[in-house]
Amino acid sequence: MLTALPEPDPARLFAGIDFASSPTVLVAVSGGGDSIALLSLLARHLPPSRLAAVTIDHALRPGSAAEAEAAGRFCRDLGVRHSISTWDGPKPATGLSAAARDARYRLLAQAARDLGAAMLFSGHTQDDQAETVAMRMARGEGRGLAGMAPATLLDGRLWLMRPLLGVRREALRAYLRANGIGWADDPTNEDAAYERVRVRRRLSDPAAFADAVRIAEQAAQERVRLGEAAAGLIATAVSPLPGLIRIDPDAFLAADSAAAVYALRLLLATAGGSEHLPDETRTAALLGRFGEPAFRASLSRTTLERRKGGIYLRREARGLPEPHIAADGEIWDGRFRLGTVAGAIVAPFGTNQAASPARAFADAPPALARAALATFPAIVRDGEPVALLGPTSHPGGPTSMPVAAPFARILPSFDLAPARALSRLIGGELPPPSPYAGHSAPRP
């Protein structure tokens, strides 16, 4: 059902958002109706001088540059700074939609860095949410049925805000028409060659649309609940050791099975540096072996080994990064964010026994600890790794900060509880609080 409000109320749409956390508020403006309405509403809520807008020109069709310029004129008429970022270079022959999405977020993140913005606003609507969930249902996704989060942390520092997830697209069009504001329609929105367009047509049935919205809301609630349960288990039944994660198997076997499987998936991805969680069925099978007196297995680039003190997880030795000149801010092997390393060569530490810190093996099986430390990043001199990189170093020296791999680049607000638990476990930086008071954006 369309919202009964012909003109969405900015005070209600943006209620609960801490705008003070970002001196500049960046808005993604494509020139389409959703983003034009979002910018207009934000300009009624905040001084335009607080806002900046960026348009991503994907350069995929004739006229895209002119549309970006038209969006810029609208921004300038509102008194909002505007810039255009273009996706340059060759475009892939397959997977174009995914590549365009990745390019869009990369360019948006760069624009935010250039402006010092901590928040980026996007005009995703309830229609977008329903379409996303319907597509994921067709692919049999589980956690993904929660849809898009009202706030998502990108690369540990930029909050992507979606305050219109409770607003129908047509309500925004009604607002624009009532205020004499024009917009551009992307012709690909009517091209049935795209999956989203086909799904959109199916969701023109009000019952199908309502079902998709209901599923998203229920799945989001369940995802938060399961994440909090997994976070509690990680906090009480898992401990860190040098390069290792130690699990209390009895506590995992006694816990709620869904929470234990989810916690184990998170731990495997974190230890192995994978942004994707391992297969749920295979993880459940591993959990079923926790009662065995001895076992060794591998999943998601992680080795699990039962010893007297518990079950130990560590990064496998295979598939580690090759030695290379590192970049500041680089996420190395999915597990460490490097700092002050520009120009330095970084490689896996390897089995350099002479340089291995003996104190690191306290309370850990020495052989496991040495194998784990061999997979850590190290500075290379004269072709040999000579110094482990850690969170602290000499003033101004190179560093590496552990990151929770499944959430290092993209952290939906649904998953804040497990992300914080993992970060505390590995000694990484805690994610900043969501700019929203709660997980859900307010209704219009």
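Heads up: these notes are all about the structure in this document. Note that the coordinates shown come from a computational prediction; the quantities given were computed from them, not determined experimentally. (Residues numbered from 1 in each chain as written. Predicted model: local features only at pLDDT ≥ 70, side-chain atom pairs only at ≥ 80, totals over all residues. Heavy atoms only, no water.)

Looking only at helices and strands, one finds 13 helices and 19 strands in the chain. Relative to the compact-globule value of 22 Å for 444 residues, the chain shows a C-alpha radius of gyration of 24 Å, a close match. For the chain, the spread of C-alpha atoms along the three principal axes comes to 70 × 50 × 45 Å. Within the chain, the fraction of its 444 residues that count as buried is 51%. Across the chain, the fraction of contacts at a sequence separation of at least 24, relative to all contacts at a separation of at least 6, is 67%. Approximately 20,100 Å² of the chain is accessible, and the part contributed by carbon and sulfur atoms is 54%. Averaging the locations of the 50 positively and 45 negatively charged side chains of the chain gives two centres separated by 3 Å. (Helix = DSSP H or I, 4+ residues; strand = E, 2+ residues; numbered from the N terminus. Rg over C-alpha atoms; globule rule 2.2 N^0.38 Å. Buried < 20%, exposed > 50% of the residue type's maximum accessible area, 1.4 Å probe, protein only. Contact = heavy atoms within 4.5 Å. Areas by Shrake-Rupley, 256 points an atom, 1.4 Å probe, with all protein chains shown as cover. Lys, Arg positive; Asp, Glu negative; His and termini not counted. Charge placed at Lys NZ, Arg CZ, Asp CG, Glu CD.)

Moving on, we get to helix α5 (residues 126-138). Spanning 13 residues, α5 covers 19 Å between terminal C-alpha atoms, matching the ideal 18 Å at 1.5 Å per step. Within α5, 10 of the 13 residues are buried, which leaves the element mostly enclosed by the surrounding structure. Within α5 the residues assigned to the buried category are Gln126, Asp127, Asp128, Gln129, Ala130, Glu131, Thr132, Val133, Ala134 and Met135. Buried residues in α5 make contact with α2 (33-45), α6 (169-178), α7 (195-202) and α8 (206-237). The N-cap residue of α5 is Thr125: its side-chain oxygen and the backbone nitrogen of Asp127 are 3.2 Å apart. Of the residues one or two after α5, Gly140 is the one with positive phi, at around 75 degrees. (Expected span 1.5 Å × (residues − 1). Polar contact = N/O pair within 3.5 Å; in protein donor to acceptor, adjacent residues only side chain to side chain.)

Take unusual backbone geometry next. Even without a glycine there, the phi angle at Asp155 is positive, about 50 degrees. The backbone of Thr340 shows a phi angle near 50 degrees, a positive value even though the residue is not glycine. One can find Thr340 in the loop between β14 (336-339) and β15 (345-348).

The next point concerns the pattern of salt bridges. Under the counting rule described, the total for this entry stands at 23 salt bridges. Of the charged contacts in the structure, one is a salt bridge between Asp34 and Arg169, with a shortest N-O distance of 3.6 Å. Of this pair, Asp34 sits in helix α2 while Arg169 is found in helix α6, placing the two residues 135 residues apart along the sequence. Across this residue pair, the class does not change: Asp34 and Arg169 are buried. Of the charged contacts, one joins Arg223 and Asp415 as a salt bridge, the two residues approaching to 2.6 Å between their closest N and O atoms. Placement of the pair is Arg223 in helix α8 and Asp415 in the loop between β19 (410-412) and α13 (416-426), with a sequence separation of 192 residues. Side by side, Arg223 and Asp415 carry an identical accessibility label, which is buried. (Salt bridge = Lys/Arg side-chain N within 4 Å of Asp/Glu carboxyl O.)

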